[in-house]
Amino acid sequence: MNAAAEIQIESVSMFYKDNKGNDIHALNNVSIDIQKGEFISLLGPSGCGKTTLLRIIADLLEPSMGKVTVCGQTPKETRMQQKYGIVFQNPVLYDWRTVKNNVRLPLEMMKINKTEQNSRIEKQLELVGLTNFKNHYPHQLSGGMQQRVGIARALAIQPEILLMDEPFSALDEFTREKLNEDLLRIWSKTNKTVIFVTHNISESVFLSDRVCVLSPHPGRLSAIVDIDLPRPRTREIRETPEFFSLVSKIRNSFEGV
Amino acid sequence: MNKNKTLVLLVWFAGIFALWELGAFSLVNIFHDKMAASKLPYPHEVIATLAKNWQTLSEAGAVTFSKAATGFALGASIGIILAILMSISKIAEQIAFPYLIVSQMIPVLGLAPIIFNLVRNMDASRIIIAAYITFFPVAANMLSGLKSVDIDKRELMYSYAAKKPSIYMKLMLPFSLPYLFSGLKIAAPLSVTASILVDMLGSKNGIGVKLLYSLYGGTKDIFWASVFTSALMGIISYFIVIIAERIFIPWKKEFNTKAGED
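Residues numbered from 1 in each chain as written. Chains lettered and ligands numbered in written order. Predicted model: local features only at pLDDT ≥ 70, side-chain atom pairs only at ≥ 80, totals over all residues.

Turning our eyes to something else, we now look at the overall build of chain B. Tallying secondary structure elements over chain B gives 11 helices and zero strands in all. The helix and strand sequence of chain B, counted from the amino end, reads α-α-α-α-α-α-α-α-α-α-α. Relative to its length of 262 residues, chain B is extended, with a C-alpha radius of gyration of 23 Å against a globular reference of 18 Å. Dimensions along the principal axes, computed over C-alpha positions, put chain B at roughly 75 × 60 × 30 Å. (Helix = DSSP H or I, 4+ residues; strand = E, 2+ residues; numbered from the N terminus. Rg over C-alpha atoms; globule rule 2.2 N^0.38 Å.)

The structure is reproduced here in structure tokens:
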């Protein structure tokens, strides 16, 4: 056990009943240590418990067994201190707020003063390239733009930890790759710890320092793959033999799919 | 409004007017109906009467309308508060909802005289009945809005460790606004109807009085002009709500255009 790890996931298991009353074994004895500033992917097919694990870290779910420690405290304490920035699979924007006021929402919750709010909003919208759309309503934006608003909102509170739950899965391949590059650029400027859930192998290789490969039925950790590709990474890296060999290494590490 | 819509509207009104003229003409000249003037008078005559008596009709209408509006505001406030209470507490909902349903089973026609006997005041009766008829559609629609808030929108608030007051102010209430306005749109013309109904119970003024007296007093032209005025009041009440909706829900899709794609 690494005491210096920022997030320690220790023997976490999760059981629940689905609507039909069947027992679901969503996670079986998963342990992962995550270092500060690390970009970690939780990768796997549907039913592997990757989203469940993220939600346990975010304190949106309680594990049946095992525990998660974040910066030496419980996930709940971390949530109450608003140290998480969460980007959901759907952008989850509030339709009645303009782009800039969606980014403002968590800042209002943290009772940050108006001047500081405005300067952070400016900065975040510039980072995600939406300065010209700050007065638009969400439904006026494309899916990719909406997701970028979600990222700006998560970053605005300057969270210790960024949790991203398949944020780009609803987007087309072109937009996804563009946002992958944007995300790396943003991350290199902020150096947050990122936990990124995805079912896309090349996305996880492109983004991560380490990829945690999860297999389904029951959800379990089957491998942790170090991604030692140099940074900063650009789209050309997707064409390199090293990239392909990591992708096939990960593809071969799935069990029982 | 664009040109096409204006044209459609014009043709629509012209069509109705022409059909009505034709109907009135055939009653008089083909069927030789002696009651033609009370069954279906010529619309141009009705409009002429309306113009001639505009002052008295609009004064009567204003009395009825202002009380309807007060009752509507009162009923809408009660409806909103009830909906919020029922959404905060499951028990409150279980206690209150059956009463709300039962309240809608009492015919207003029967309730109005009871209320009048209780308060012995025409204006108060108008307001109470208008409020009574307003609160239910408002409460029911608002509650359904509060219950339709997406789970992921709530989770976002949870992740910010938000307290109940800010969850309501920043999420539940703005989310429910479009639902509230559906209720208000149903309730507005109803509140006018309710106010007219109370007029007829023996009020001294109001458009309902004009309707009643002219119906039994044989002044057919005034009767139809009063019907027109009443209809106009209902329509106006509806459009006031539509305008308020535009002001309070600026994010509604129909009011905005889409920005460019990535």
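Text resumes after the structure shown.
From N to C terminus, chain A includes eight helices and nine strands. Relative to the compact-globule value of 18 Å for 257 residues, chain A shows a C-alpha radius of gyration of 18 Å, a close match. Put simply, chain A has 257 residues, and 45% of those count as buried. In chain A, of all internal contacts separated by at least 6 residues, the share reaching a separation of at least 24 is 71%. (Buried ≥ 20, exposed ≤ 12 C-beta atoms within 10 Å, placed from the backbone. Contact = placed C-beta atoms within 7 Å.)

Take the domain arrangement of chain B next. The assigned domain composition of chain B is domain 1 (1–40) and domain 2 (45–251). Computed over C-alpha atoms only, the centres of domain 1 of chain B and domain 2 of chain B are separated by 31 Å. (Domains from an automatic or database assignment.)

Right, let's get into the UniProt feature "transmembrane region" (unreviewed entry) in chain B. Residues and elements named next belong to chain B. Here, UniProt's "transmembrane region" (unreviewed entry) annotation points to residues 7–31, 68–88, 95–115, 127–146, 167–188 and 222–244. Segment residues 7–31 splits into 92% helix and 0% strand. End C-alpha atoms: 34 Å apart. The distance from the first to the last C-alpha atom of residues 222–244 is 33 Å, and the span holds 100% helix and 0% strand. (UniProt positions renumbered as here; feature names shortened; annotations may be inferred.)

Moving on: the sheet that holds strand β4 (residues 65–70) of chain A. All names here are of chain A. If you trace the three strands from one edge of the open sheet to the other, you get β2-β1-β4, paired in antiparallel fashion. The open sheet is flanked by β2 (23–34) and β4, the only strands paired with a single partner. Averaged over all pairs of adjacent strands, the angle between strand axes in this sheet comes to 20 degrees, irrespective of strand direction. The sheet strands contacting helix α1 (residues 50–57) are β1 (7–17), β2 and β4, and the helix crosses β1 at an angle near 120 degrees. (Pairing = 2+ DSSP bridges. Axes fitted to C-alpha atoms, helices over the stretch in contact; angles between N-to-C directions.)

Two quantities define a packed helix pair, namely the angle between the helix axes and the distance between the axes. Residue and element names in this part refer to chain B. Direction vectors running N to C along helix α9 (residues 164–199) and helix α11 (residues 220–248) enclose 160 degrees, while the axes themselves pass 9 Å from each other. By the angle between their axes, α9 is roughly antiparallel relative to α11. Note that α9 runs across α11; the crossing there is right-handed. Contacts from L177, F181, L184, K185, A188, P189, V192 and I196 of α9 reach α11 at S230, M233, G234, S237, Y238, I240, V241, E245 and F248. A class-by-class count of the residues in the contact of α9 with α11 yields 12 nonpolar, three polar and two charged. (Parallel < 35°, antiparallel > 145°, perpendicular 65-115°, else oblique. Left-handed = near helix turned anticlockwise from the far one by under 90°. Nonpolar A, V, L, I, M, F, W, Y, C, P; charged D, E, K, R; others polar.)

Mapped onto this numbering, the UniProt entry gives "domain: ABC transporter" (unreviewed entry) at residues 7–241 of chain A. Counting secondary structure, residues 7–241 of chain A comes out at 34% helix and 26% strand; the distance between its end C-alpha atoms is 32 Å.

This part covers the environment of M172 of chain B. All names here are of chain B. If you trace the backbone, M172 turns up in helix α9. Sequence spacing of M172 and L85 is 87 residues, and the spatial spacing of their C-alpha atoms is 12 Å. Excluding residues that lie within four positions of it along the chain, M172 makes contacts with L146, V149 and I167.

Residues and elements named next belong to chain B. Within the fold, F136 resides in helix α7 (residues 122–147). Of the residues examined, F136 has 21 C-beta atoms within 10 Å and is grouped as buried. Excluding residues within four positions of it along the chain, F136 makes contact with L100, S103 and Q104.

It is worth spelling out the interface of chain A and chain B at this point. How big an interface is tends to be stated in terms of the accessible area lost upon association of its parts. Each partner contributes to the interface: chain A provides 26 residues, whereas chain B provides 20 residues. Mapped onto the side of chain A that touches chain B, the elements with two or more residues apiece are α2 (75–80), β5 (84–87), α3 (99–109) and α5 (143–156) of chain A. With three residues, the single largest contributor to the side of chain A that touches chain B is α3 of chain A. Classifying every residue of the side of chain A that touches chain B by side-chain character gives 16 nonpolar, eight polar and two charged.

The pLDDT averaged across chain A works out to 91; a share of 98% of its residues lies at or above 70. For chain A, per-element mean pLDDT is lowest for helix α6 (residues 173–190) of chain A, which scores 88, and highest for strand β3 (residues 39–43) of chain A, which scores 97. (pLDDT = per-residue confidence, 0-100.)

Attention now goes to the packing of helix α4 (residues 54–88) of chain B against α7 of chain B. All names here are of chain B. Between α4 and α7, whose axes approach to 6 Å, the crossing angle comes to 35 degrees. The hand of the α4/α7 crossing is right-handed. When grouped by side-chain class, the residues that make up the contact of α4 with α7 number 22 nonpolar, six polar and four charged.

Sheet strands line up and pair through hydrogen bonds in the backbone, either parallel or antiparallel. Residue and element names in this part refer to chain A. With respect to topology, six strands assemble into an open sheet ordered β5-β6-β7-β3-β8-β9, the strand pairing being mixed. The sheet is open, and its two edges are formed by β5 and β9 (220–226), each paired on a single side. Strand-to-strand, the axes of this sheet are offset by a mean angle of 15 degrees, without reference to chain direction. Its contacts with the sheet place α5 against β5 and β6 (161–165), and it is angled at close to 175 degrees to β5. Sitting on the sheet, helix α8 (residues 241–252) is in contact with β3, β8 (210–215) and β9, with an inclination near 165 degrees to β9.

Residues and elements named next belong to chain A. Counting buried positions over the five residues of β3 gives five, a clear majority of the element. Alternating residues of β3 divide into F39, S41 and L43 and I40 and L42, and every residue in both groups is buried. Of the pairings in the sheet, the one linking β3 to strand β7 (residues 193–198) comprises five bridges and is parallel in character. Within the sheet, the bridge partner assigned to S41 lies in β7 and is F196. Bridge analysis of β3 against β8 gives four bridges, and the strand direction is parallel.

Another point: helix α10 (residues 207–217) of chain B. Residue and element names in this part refer to chain B. Within α10 the residues assigned to the buried category are I207, G208, V209, K210 and L211. Those residues of α10 hidden inside the fold are in contact with α4, α9 and α11. Among the residues trailing α10, G218 stands out with phi positive, at a value near 80 degrees.

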